[in-house]
Amino acid sequence: MNTQNTPVHITLWHKGFWLLSLANLFVTMGVYTLIPVMPQWLMRYEHFSPFYTGLSMAAFAFGLFAFGSFCSYLVQRFRRNAVCIRAILLMAVLIAAIYYLHDNNITMVDVWAIIAQRFLLGATFGLAKMVLSSTLIVDTSESFQRTEANHSSSWFARFALSLGPLVGIVVNQLWGFGAVLVMCVALCIIAVVLIRMVDFPFRAPEENVSVFSLDRFFLKQGTLLFVNLFIVTVAIGLIMSVELSFTFYGMIMLGFFLALLSQRFVFINAELKSEVVTGLILIFTALLLMITRHAVIVNYAAPTMIGLGTGIVGARFLLFFIKLSRHCQRGTSQSTYILGWESGIALGVGLGYSFFNANPHLALVFSISLVTIAMVLYILLTHTWFVKHKNR
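Now for a description of the structure that goes with this document. Given the structure is predicted, the values throughout are model-derived calculations rather than measurements.

The rules we used
- Residues numbered from 1 in each chain as written.
- Predicted model: local features only at pLDDT ≥ 70, side-chain atom pairs only at ≥ 80, totals over all residues.
- Heavy atoms only, no water.
- Axes fitted to C-alpha atoms, helices over the stretch in contact; angles between N-to-C directions.
- Helix = DSSP H or I, 4+ residues; strand = E, 2+ residues; numbered from the N terminus.
- Parallel < 35°, antiparallel > 145°, perpendicular 65-115°, else oblique.
- Left-handed = near helix turned anticlockwise from the far one by under 90°.
- Contact = heavy atoms within 4.5 Å.
- Nonpolar A, V, L, I, M, F, W, Y, C, P; charged D, E, K, R; others polar.
- Phe/Tyr/Trp six-rings, centres within 6.5 Å; stacked < 30°, edge-to-face > 60°.
- Buried < 20%, exposed > 50% of the residue type's maximum accessible area, 1.4 Å probe, protein only.
- Lys NZ or Arg CZ within 6 Å of the ring centre and 35° of its normal.
- Expected span 1.5 Å × (residues − 1).
- Disulfide = S-S within 2.5 Å.
- Core = buried A, V, L, I, M, F, W, Y, C linked by side-chain atoms within 4.5 Å.
- Salt bridge = Lys/Arg side-chain N within 4 Å of Asp/Glu carboxyl O.

Interhelical geometry of helix H5 (residues 80–103) versus helix H8 (residues 177–196) gives an angle of 165 degrees and a closest axis separation of 9 Å. One element, H5, and the other, H8, form an angle in the roughly antiparallel class. Crossing hand, H5 versus H8: left-handed. Contact with H5, carried on its side by Asn-81, Cys-84, Ile-85, Ile-88, Leu-89, Met-91, Ala-92, Ile-95, Ala-96, Ile-98, Tyr-99 and His-102, involves Phe-177, Gly-178, Leu-181, Val-182, Cys-184, Val-185, Cys-188, Ala-191, Val-192, Ile-195 and Arg-196 of H8 and no other residues of that element. Of the residues that constitute the contact of H5 with H8, the class distribution is 19 nonpolar, three polar and one charged.

The subject of this paragraph is the packing of aromatic side chains. Across all of its chains, the model carries 24 aromatic pairs by this definition. A centroid spacing of 5.0 Å and a plane angle of 55 degrees characterise the contact between Trp-13 and Trp-18, whose relative ring orientation is tilted. Plain terms: the ring middles of Phe-60 and Phe-125 are 5.6 Å apart, the flat faces sit at 40 degrees to each other, and that makes the pair tilted. Pair noted here: Phe-60 is in helix H3 (residues 50–63) and Phe-125 is in helix H6 (residues 111–139), with a separation of 65 residues, a long-range link. Each of the two residues, Phe-60 as well as Phe-125, counts as buried. A connected cluster of aromatic rings, assembled from ring pairs, spans Trp-13, Phe-17, Trp-18 and Phe-156. One Lys or Arg, Arg-77, reaches over the ring of Phe-78 and ends 5.0 Å from the middle of that ring. Sitting above the plane of the Trp-341 ring, Arg-158 keeps its charged end 5.7 Å from the centroid.

End to end, helix H9 (residues 223–242) covers 29 Å across 20 residues, agreeing with the expected 28 Å (1.5 Å per residue, within 8%). By the criterion of burial, H9 is predominantly enclosed, with 16 of the 20 residues buried.

A full pass over the atoms with the stated rule returns zero disulfides. Cys-84 takes part in no disulfide bond, and the closest cysteine sulfur to it belongs to Cys-71, at a distance of 9.6 Å. For Cys-188, which is in no disulfide, the shortest distance to another cysteine sulfur is to Cys-184 and amounts to 7.1 Å. Given the relative accessible area of 0%, Cys-188 is considered buried.

Locating Leu-260 in the fold gives a position in helix H10 (residues 246–265). The spacing of Leu-260 and Leu-308 is 48 residues in sequence and 8.5 Å in space, taken between C-alpha atoms. Among residues more than four places away in sequence, those in contact with Leu-260 are Trp-155 and Phe-159.

Okay, the nonpolar core next. Counting residues in each nonpolar core, the largest one holds 138 residues, and the members touching the most others are Ile-88, Phe-177, Ile-195, Met-240, Met-290 and Phe-317. Examining the composition of this core, we find that 15 residues originate from one element, helix H12 (residues 298–324), more than from any other.

With that settled, consider unusual backbone geometry. Trans is the common state for peptide bonds, and a negative phi is the common state for residues other than glycine. Non-glycine residue Met-108 carries a positive phi angle of around 55 degrees. Along the chain, Met-108 falls in the loop between H5 and H6. Its relative accessible area of 59% is what places Met-108 among the exposed residues. One non-glycine residue, Arg-216, adopts positive backbone phi at about 60 degrees. Position of Arg-216 relative to the elements: it lies in the loop between H8 and H9.

What follows is about the pattern of salt bridges. Following the criterion strictly, the structure yields three salt bridges and no others. Where Asp-139 meets Arg-80, a salt bridge forms, and the shortest distance between an N and an O atom there is 2.4 Å. Of the two residues, Asp-139 sits in helix H6 while Arg-80 sits in helix H5, which places them 59 residues apart along the sequence. Linking Arg-216 and Asp-215 is a salt bridge whose minimum nitrogen-to-oxygen distance equals 3.4 Å. For Asp-215, a relative accessible area of 30% gives the class partly exposed.

Three- or four-residue spacings in an α-helix give side chains the same orientation, since the helix completes a turn every 3.6 residues. The terminal C-alpha atoms of helix H13 (residues 330–356) lie 38 Å apart, and with 27 residues this matches the ideal 39 Å at 1.5 Å per residue to within 8%. The buried fraction of H13 amounts to 25 of the 27 residues, a majority that puts the element mostly inside the structure.

Residue placement: Thr-382 occurs in helix H14 (residues 360–389). Among all residues touching Thr-382, those that are not within four sequence positions of it are Leu-224, Leu-225, Asn-228 and Leu-377.

Following this line, the structure appears as structure tokens:
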């Protein structure tokens, strides 16, 4: 039968798994909290043009790939939890550097310094997420529970897409941008504390490990899935560059909750193609409402539909990557999914500010065009290709 479910095992939810999942939430929030507020700071206080503001935000997307080829070597050469912790601490230092500029009223900073900071933040975040999701969470789960562990822990990071901007907007309105930066640093430190509370069994390093490797970095046979996911998340990033309201992200979070419920009760034995198609239709419909309607109800219905659709699509694509991976490639499939998800959103935010800052309507039109392309690609090519090539 061409369906796919993820069983629930109560024994998965032990202390170590909870701690790592929460660490995943907090470290991801540390990045997403900046999305709605940092561009405004760059334009108002550092006097960046919209183009260079978008370029700075998009630099994060390229940084995500910087340390990926070293990931396998680092977790074999050093303790895996130590690699993750140091990457998160470097994230905190890089965010603190922006706080130093803001707290000391240092304006007119060279644009390339901010671009470098965003690139390095993306690089350290990408390394931390790869090690956390592809190694630490997997290693603390029983072999028969690892798909469920990946699926469940990813939801913690997915909720950061709504919680992060929500917190950023509220804190910025109440206490200013400096408080947002302090909170981001605090979230990183909390994530470090949580990881340090978990005991990881010693694992002897493999011999003759290459310094550069695609292992735990990029799943070559998942390239088509990566492209399809990337197109969807660029569209989501464009929306995030336009919508900066508390209500919008609150309703996105409600949509995520509905997506969780739909997986358990609506799509439990549905045909495999139905989830992604339904999710993309929901996002398309929400964007169409935002473009053509201005009633108050749209402010609540559209983001809820976007959250519902994004949650369904994101969770299903993650399982697709896992099913596509071969033996001992589970970690690589996780990293590939993370790269597609995070780089798409960061690039979408960057494109939104660089090219559509003065015309949010055009940004939404471009976003709906990308969703349409993603849907056509999935229906005509990606799904059939996946069913033919899946290994699990």
